[in-house]
Amino acid sequence: MACGLAVMMSYELRLKLMQYARLAVPNSKNRLQQAKLFAYRFRDAAAPEDIQSQWHLQQWWILIAGVLLCSSIVIFALTRSISPTKIEAQYLKEVDPQIYTLLHGEMLTPPAEVDESLVQAAIVEATQLEQQYGNSAVNAQPVEGINTDNLYNSQLIDRKWDKINPRYKQRLLMVFKIMKERYGYDLVLLEGYRSPERQNLLSGNPNTTRARGYQSYHQFGLAADVAFKRNGKVVISERDPWAMRGYELYGEVAESVGLTWGGRWKSIKDYGHTEYRMPGLKKTKAMADQLIAEGQVQNTPLSAAAF
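These notes cover the structure that comes with them. (Residues numbered from 1 in each chain as written. Predicted model: local features only at pLDDT ≥ 70, side-chain atom pairs only at ≥ 80, totals over all residues. Heavy atoms only, no water.)

Counting secondary structure elements, the chain contains 10 helices and 5 strands. Residue burial in the chain is summarised as follows: out of 307 residues, 39% are buried. If you sum the accessible surface of the chain, you get close to 18000 Å²; carbon and sulfur atoms cover 57% of it. (Helix = DSSP H or I, 4+ residues; strand = E, 2+ residues; numbered from the N terminus. Buried < 20%, exposed > 50% of the residue type's maximum accessible area, 1.4 Å probe, protein only. Areas by Shrake-Rupley, 256 points an atom, 1.4 Å probe, with all protein chains shown as cover.)

In structure tokens form, the structure reads like this:
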């Protein structure tokens, strides 16, 4: 608008613009004419009678074809929709045909991460219930360390699914689905992957766990602790009869898909814990790093070729 007003108000500016336009039009016409002539020569260079005389122009056809071919490959690679579920399905089909067959090729999607405030509220409620009923020799919390300071520092706990290995993740998601559809229980992930440092911290309480770093399946992305969600709230204590019934059903369903349930353990019962005891697993840092990397296959779909 400012440029338009300046042109309308300034006679000198309008005069200069008209002069530039008179100079530019002839040059534009000449350049356009030269471009047309080159286009005609370029077109006629492919004629059989001009192959020998115009061979240098024909090289442009090769160059243009090469550019189009390369650009089409780049465009296809950048715009092709890559489905992470298909990548994970192919991965499981190769490394774990049993779970792939169990799923009938259907890859289940993890639910949204649980809100941290709901978990903290559930911990407070579970602590109050424990104080009300008195301490028990049985570990009443499906996620360890509820009575120990610092063990529930949310910055140390991983509630995401991205480091859980697909062999275990799809089994666990199937349990989530069955519990919801068959029994009406909504499950939430309290903790999946656990760092060796946090594992060592937890092992300081013998009533919580006796496994140290790289001795627990959590470090390999093959274990998780879960809880239930009822009326918008998270419930983790089996002192709640509804939750305890849910843990029993959870254990049955988990075992039906090949998982080990912590509620069967003799020394420390961990009702919200399940793990996948992968055959031939060597509990080393190198193996943990490998399985965690496999768990992140959905986040890095282009690396699927490595599998």
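Next comes the rest of the description.
All right, on to the pairing of strand E2 (residues 223-230) then. Across the 8 residues that make up E2, a large majority, 6, are buried. One ladder, built from 5 bridges, connects strand E1 (residues 186-191) with E2; its direction is antiparallel. Across the sheet, residue leucine 187 finds its bridge partner in E2, namely phenylalanine 228. Here E2 runs beside strand E5 (residues 273-275); their pairing, made up of 3 bridges, is antiparallel. Counted as the bridge partner of alanine 224 is threonine 274 from E5. (Pairing = 2+ DSSP bridges.)

Residues Met179, Leu222 and Ile236 are the most contacted members of the largest nonpolar core, which totals 55 residues. Here this core takes 8 residues from helix H7 (residues 166-183), the largest share from any one element. (Core = buried A, V, L, I, M, F, W, Y, C linked by side-chain atoms within 4.5 Å.)

Here we come to the pattern of salt bridges. One pass over the structure, following the stated rule, counts 14 salt bridges. Salt-bridge contacts for glutamate 255 lead to arginine 264; the nearest nitrogen and oxygen are separated by 2.8 Å. Accessibility expressed as a relative area gives 32% for glutamate 255, which makes it partly exposed. As a salt-bridge pair, aspartate 289 and lysine 285 come within 2.9 Å of each other at their nearest N and O atoms. (Salt bridge = Lys/Arg side-chain N within 4 Å of Asp/Glu carboxyl O.)

Close contact between H7 and helix H9 (residues 241-256) brings their axes to 10 Å; oriented N to C, the two are set at 130°. In terms of orientation, H7 and H9 fall into the oblique class. The handedness of the crossing between H7 and H9 comes out as right-handed. Residues Leu172, Val175, Ile178, Met179 and Tyr183 of H7 form the contact with H9, whose participating residues are Gly246, Leu249, Tyr250, Val253 and Ala254. Grouping the amino acids of the contact of H7 with H9 by side-chain chemistry returns 9 nonpolar, 1 polar and no charged. (Axes fitted to C-alpha atoms, helices over the stretch in contact; angles between N-to-C directions. Parallel < 35°, antiparallel > 145°, perpendicular 65-115°, else oblique. Left-handed = near helix turned anticlockwise from the far one by under 90°. Contact = heavy atoms within 4.5 Å. Nonpolar A, V, L, I, M, F, W, Y, C, P; charged D, E, K, R; others polar.)

Right, let's talk about the environment of asparagine 200 for a bit. Looking at where asparagine 200 falls in the secondary structure, it is placed in helix H8 (residues 196-202). On the accessibility criterion, asparagine 200 (30% relative accessible area) is partly exposed. Along the chain, asparagine 200 and arginine 212 lie 12 residues apart, while their C-alpha atoms are 5.0 Å from each other. When sequence neighbours within four positions are dropped, the list of residues in contact with asparagine 200 reads Arg212 and Gly213.

Attention shifts here to the side chain of arginine 167. Residue placement: arginine 167 occurs in helix H7. When its relative accessible area of 13% is taken as the criterion, arginine 167 is described as buried. Among the polar contacts made by the side chain of arginine 167, one reaches the side chain of glutamate 294 at a distance of 3.3 Å. (Polar contact = N/O pair within 3.5 Å; in protein donor to acceptor, adjacent residues only side chain to side chain.)

Moving on, we come to a nonpolar patch on the surface. A contiguous nonpolar patch, built from Met1, Leu5, Met8 and Met9 and spanning about 590 Å² of accessible area, is present on the exposed surface. Along the polypeptide, methionine 9 turns up in helix H1 (residues 2-9). (Patch = residues over 30% accessible without salt bridge, like charges linked within 9 Å, V, L, I, M, F, W, Y side chains within 5 Å.)

Taken N-terminus to C-terminus, the directions of H7 and helix H10 (residues 285-295) make an angle of 50°; their axes are 8 Å apart at the nearest point. By the criterion of interaxial angle, the relationship of H7 to H10 is oblique. Residues Pro166, Arg167 and Lys169 of H7 lie in contact with H10, whose contacting residues are Leu291, Glu294 and Gly295. Across the contact of H7 with H10, the residue classes tally to 2 nonpolar, 1 polar and 3 charged.

What follows is about the side chain of glutamine 219. Inspection of the secondary structure assignment puts glutamine 219 in the loop between H8 and E2. Looking at glutamine 219, the relative accessible area reads 1%, which means it is buried. In this structure, glutamine 219 is in contact with Tyr193, Arg194, Ser195, Pro196, Gln199, Arg212, Gly213, Tyr214, Ala288 and Ile292, ignoring residues within four places of it in sequence.

This next bit is on the environment of leucine 156. Relative to the helices and strands, leucine 156 resides in the loop between helix H6 (116-133) and H7. Separated by 41 residues in the primary sequence, leucine 156 and glutamate 197 place their C-alpha atoms 9.2 Å from one another.

What follows deals with the packing of aromatic side chains. Throughout the structure, instances matching the rule amount to 8 aromatic pairs. Taking the centre distance of 5.5 Å and the plane angle of 80° together, the rings of tryptophan 161 and phenylalanine 176 count as edge-to-face. One end of the pair, tryptophan 161, is in the loop between H6 and H7; the other, phenylalanine 176, is in helix H7, with 15 residues separating them in the sequence. The residues tryptophan 161 and phenylalanine 176 share a single accessibility class, namely buried. Summarising the aromatic geometry, the rings of tyrosine 214 and phenylalanine 220 are spaced 6.5 Å apart at their centres and angled 70° between planes, so their arrangement reads as edge-to-face. (Phe/Tyr/Trp six-rings, centres within 6.5 Å; stacked < 30°, edge-to-face > 60°.)

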